[in-house]
Amino acid sequence: MSLPLSPIKCEDRKDEQQHKSAWFQFIKSIATFKGDLTSLTAPPFLLAPQSIVEYSTYWAEHPGLFVLPAKEKTAEKRALRVLQWFLSTLKHQHASKDDNGKRKKMKPLNPFLGEIFLGKWVDDAGTTQLVSEQVSHHPPATAFKIWNQAHGVKLEGHVAPKAYFSSTINIERKGYSTMHIDEYDEDHCITMPKVHVEGLVTFQIAPELSGVSYIRSSSGYTSRIDYSCKGWLRGKSNSFIATLYRDGEEANPLYVLEGRWSDLYTVKSGKGEVLETVNLATLQRTPLQVAPIESQHPLESRRAWKHVVDAISANDILAVGHEKSKIENAQRALRKHEKILGQTWERRYFTEAEADTMAEKLSPRSKGEGADIEERMVWKFDEDKYRRIERYQRDGVKSPTHARFDSGVGLVELVELES
């Protein structure tokens, strides 16, 4: 039953000043907070109308680039194409503004355990499919698989973000992903860079990448990407330098890619010859196709968060807090119920594994590169689970349905959905 709520609009100058005041109070609170900032509740006006579980979509917004490595005949060129595909995933994932130039709200919704997101891209590359699931809540972790069967390319992995405050908001993304190319039985292990937030004082919030990330292939090639940002006197925002080299020969790169991950970059040979200039800003993204909300499984992200997202879109702060609390309270009740019964939540598409031998082999630290996959958990896509669900759907076996699925993923509903 929903409470009758009067919408509180946030459209005038007075509200803007209130937002700034609330923002600085929030900054003061996180500056003294010890622990993972992802556990804190952000002011409603900062909330983005999407859950973190949707962020896996950024990996394949350009399906043509996603499958391009499979078309190259040499391992060296495949490694280069994997690096270029990876660079194409960074712009929209970390953009501070949307395609219309409007500033984005930067705090995504924290997924609940078991939340799923399903979609696909259909274009000249064929059909590229996505399955994403929140496999852990403490600590938070999202597992995903993306694959294009026609080209024999698949990407699997998980991301476990951890945020902390040190001069600014910093986000470490533990975990890794592995791209596999069937035709060559080749793997590419990918780590993610750190993120920090700029513009806290000016209220012009923008993510920036820093540190180093790696892509290591089973064919003997490594890409190292160094990220930098605008300094006080020099440099540009969103900058990077990437070198691709044979393992053990970092001093003799085969390719050097340099520029901005949000704009232009050049591809040079190891001898400095410019081979290509890439304009990331002009890349056209293939629209993601998802089922209508009324046809989605109750655990699918956009259905579960629908009333929260509607309230965010309406700038109704009171309704945002109310609908969001319903989900959070239902989750607490479910965890308590599971504890009483001695049960744990059954993941729908993924299964926890003891180890990932290939990822450990391709870990940069295993080759003395000074970085690691920083792995404490391993989640693998479970083909048996996926095929069983497909069979149920094909045979018309459905989960319990409801005339109106309320925000909150109710306790009774979730207990039923476990079976």
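Everything numeric here is computed off the predicted structure, so don't read it as measured data.

A. Quick look at the pairing of strand β9 (residues 194-198). In this structure, strand β7 (residues 168-181) lies alongside β9, joined through 2 bridges in antiparallel fashion. Note on β9: the bridge partner recorded for Asn170 is His196. Bridge count between β9 and strand β10 (residues 206-217): 5 bridges; the pairing is antiparallel. Residue pairing for β10: Val195 is matched across the bridge by Leu209.

B. Seen up close, helix α3 (residues 75-88). End to end, α3 covers 20 Å across 14 residues, agreeing with the expected 20 Å (1.5 Å per residue, within 8%). Of all 14 residues that make up α3, 11 are buried, and the element is covered over most of its length. Within α3, burial applies to Ala75, Arg78, Ala79, Leu80, Val82, Leu83, Gln84, Trp85, Phe86, Leu87 and Ser88.

C. Broad picture of unusual backbone geometry. Following His138, the chain continues into Pro139 via a peptide bond in cis, with omega recorded as 0 degrees. Structurally, the position occupied by Pro139 is in the loop between β4 (126-137) and β5 (140-148). Of note in the backbone geometry, Asp185 takes a positive phi value of approximately 45 degrees without being a glycine. Inspection of the secondary structure puts Asp185 in the loop between β7 and β8 (186-190). Even without glycine at this site, Asn238 takes up a positive phi of about 60 degrees. Inspection of the secondary structure puts Asn238 in the loop between β11 (221-228) and β12 (239-246).

D. How the structure looks around the confidence of the model for the protein. With 79% of its residues at a pLDDT of at least 70, the protein reaches an overall mean of 85. Across residues 1-12, where pLDDT falls below 50, the model places 23 contacts with residues more than four positions away in sequence or in other chains. In the predicted structure, residues 400-408 sits below a pLDDT of 50 and forms 27 contacts with residues beyond four places in sequence or in another chain.

E. The arrangement of the pattern of salt bridges in detail. Scanning all chains against the criterion turns up 19 salt bridges. The salt bridge involving Lys194 is made with Glu172; its shortest N-O contact spans 3.9 Å. With Lys194 in strand β9 and Glu172 in strand β7, the pair connects residues that are 22 residues apart, well separated along the chain. Glu172 gets classed as buried once you look at its relative accessible area, which sits at 18%. In this structure, the salt-bridge partner of Asp226 is Arg224, at a minimum N-O distance of 2.8 Å. For Arg224, a relative accessible area of 21% gives the class partly exposed. Taken together, the salt bridges that share partners define one network made up of Glu172, Lys174 and Lys194.

F. A look at helix α7 (residues 317-341). The terminal C-alpha atoms of α7 lie 37 Å apart, and with 25 residues this matches the ideal 36 Å at 1.5 Å per residue to within 8%. Ala319, Val320, Glu323, Lys324, Lys326, Ile327, Ala330, Gln331, Leu334 and Glu338 are the residues of α7 that are buried.

G. Spotlight on the nonpolar core. With 44 residues, the main nonpolar core has Trp59, Trp85, Phe86, Leu155, Phe240 and Leu257 as its most contacted residues. Top contributing element to this core by residue count: α3, with 8 residues. If near-sequence neighbours (up to four positions away) are discounted, Leu155 is found in contact with Trp59, Phe66, Trp85, Phe144, Lys145, Ile146, Ser177, Thr178, Met179 and Ile190. In terms of nonpolar packing, the next biggest core, distinct from the first, is built from 29 residues, Ala143, Leu299, Val308 and Ile312 among them.

H. Inspection of the packing of aromatic side chains at higher detail. Taken as a whole and judged by the stated rule, the model has 12 aromatic pairs. With 5.4 Å between their ring centres and 75 degrees between their planes, Phe350 and Phe381 make a pair best called edge-to-face. Residue Phe350 is located in strand β16 (residues 350-353), and its partner Phe381 is located in strand β17 (residues 378-381); the two are separated by 31 residues in the primary sequence. Among the residues examined, Phe381 registers a relative accessible area of 9% and is labelled buried. Through pairs of rings, three or more aromatic residues link up here, namely Trp59, Phe66, Trp85, Phe86 and Phe144. Here Arg78 stacks its cationic end above the ring of Tyr184, 3.6 Å away from the centre of that ring. Sitting above the plane of the Trp147 ring, Lys145 keeps its charged end 5.4 Å from the centroid.

I. Molecular detail of the side chain of Gln134. Summarising the element assignment, Gln134 is placed in strand β4. In this structure the side chain of Gln134 is engaged in a polar contact, spanning 3.4 Å, whose partner is the backbone oxygen of Ala141. Ignoring sequence-local partners within four residues, the contact set of Gln134 consists of Val53, Pro111, Phe112, Leu113, Gly114, Glu115, Pro140, Ala141 and Thr142.

J. Representation of the side chain of Ser213. The residue Ser213 is located in strand β10 in this model. Engagement of the side chain of Ser213 in a polar contact is seen with the side chain of Tyr227, the distance being 2.7 Å. With residues near it in sequence (within four places) discarded, Ser213 still touches Phe86, Thr191, Met192, Pro193, Ser223, Arg224, Ile225 and Tyr227.

What counts and what doesn't
- Residues numbered from 1 in each chain as written.
- Predicted model: local features only at pLDDT ≥ 70, side-chain atom pairs only at ≥ 80, totals over all residues.
- Heavy atoms only, no water.
- Pairing = 2+ DSSP bridges.
- Helix = DSSP H or I, 4+ residues; strand = E, 2+ residues; numbered from the N terminus.
- Expected span 1.5 Å × (residues − 1).
- Buried < 20%, exposed > 50% of the residue type's maximum accessible area, 1.4 Å probe, protein only.
- pLDDT = per-residue confidence, 0-100.
- Contact = heavy atoms within 4.5 Å.
- Salt bridge = Lys/Arg side-chain N within 4 Å of Asp/Glu carboxyl O.
- Core = buried A, V, L, I, M, F, W, Y, C linked by side-chain atoms within 4.5 Å.
- Phe/Tyr/Trp six-rings, centres within 6.5 Å; stacked < 30°, edge-to-face > 60°.
- Lys NZ or Arg CZ within 6 Å of the ring centre and 35° of its normal.
- Polar contact = N/O pair within 3.5 Å; in protein donor to acceptor, adjacent residues only side chain to side chain.

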